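Now for the letters of each chain:
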Amino acid sequence: MESVECPGLGDSWHFEQAEDGSASFIDPESPERLYRARPLSRECTHCGATVPAEDAALVPAADDAAEWDRLAMQHFMGCEWIESRGNQVKA
Ligand SMILES: [Zn+2]
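Parameters and conventions
Residues numbered from 1 in each chain as written. Predicted model: local features only at pLDDT ≥ 70, side-chain atom pairs only at ≥ 80, totals over all residues. Helix = DSSP H or I, 4+ residues; strand = E, 2+ residues; numbered from the N terminus. Buried ≥ 20, exposed ≤ 12 C-beta atoms within 10 Å, placed from the backbone. Contact = placed C-beta atoms within 7 Å.

Peer 1: Give me the overall build of the protein: which residues, what numbers.
Peer 2: Within the protein, the regular secondary structure consists of 3 helices and 6 strands. Along the protein, helices and strands appear, N-terminal first, in the series β-β-β-β-β-β-α-α-α. Looking at the protein residue by residue over its 91 residues, the buried ones come to 8%. For the protein, the share of sequence-separated contacts (at least 6 apart) that also reach a separation of at least 24 residues comes to 22%.

In structure tokens, the structure reads:
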């Protein structure tokens, strides 16, 4: 669990990212005022699919077929990133 200052919400507000990738905004003086943000995601630069941030940062070994199969479900068919297993093999 990471907690950092979030300038846009004032000095007392904290931004936390949970291990599942979801984010929360918390006012430490009123902990009940917790704003749950949608899970953080990123857009694949190759196919434009929206991928969970924690998976977007992953580059499994080229021979880890099971993991690449799992990641492939999050991308569009023929995604160059998936086909090349993160540029580790020729697409
Ligand atoms: Zn993709």
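Peer 1: Give me unusual backbone geometry: which residues, what numbers.
Peer 2: For residues besides glycine, phi is generally negative; the peptide bonds are generally trans as well. One non-glycine residue, Arg85, lies in the positive phi region at around 45°. As for its position among the elements, Arg85 is in the segment after helix 3 (80–83). Phi at Asn87 takes a positive value of approximately 65°, unusual for a residue other than glycine. One can find Asn87 in the segment after helix 3.

Peer 1: Describe the environment of Asn87, and please don't skip the residues or the numbers.
Peer 2: On the neighbour-count criterion, Asn87 (13 C-beta atoms within 10 Å) is partly exposed. Along the sequence, Asn87 and Val59 sit 28 residues apart, while their C-alpha atoms lie 9.5 Å from each other.

Peer 1: So what about the environment of Val89? Which residues, and what values?
Peer 2: With respect to the helices and strands, Val89 occurs in the segment after helix 3. The exposure class of Val89 is exposed, given the 10 C-beta atoms found within 10 Å. Taking C-alpha positions, Val89 is 9.8 Å from Asp63, a pair spaced 26 residues apart along the chain. Among all residues touching Val89, those that are not within four sequence positions of it are Ala62 and Ser84.

Scope: geometric values only; no functional claims are made or implied.
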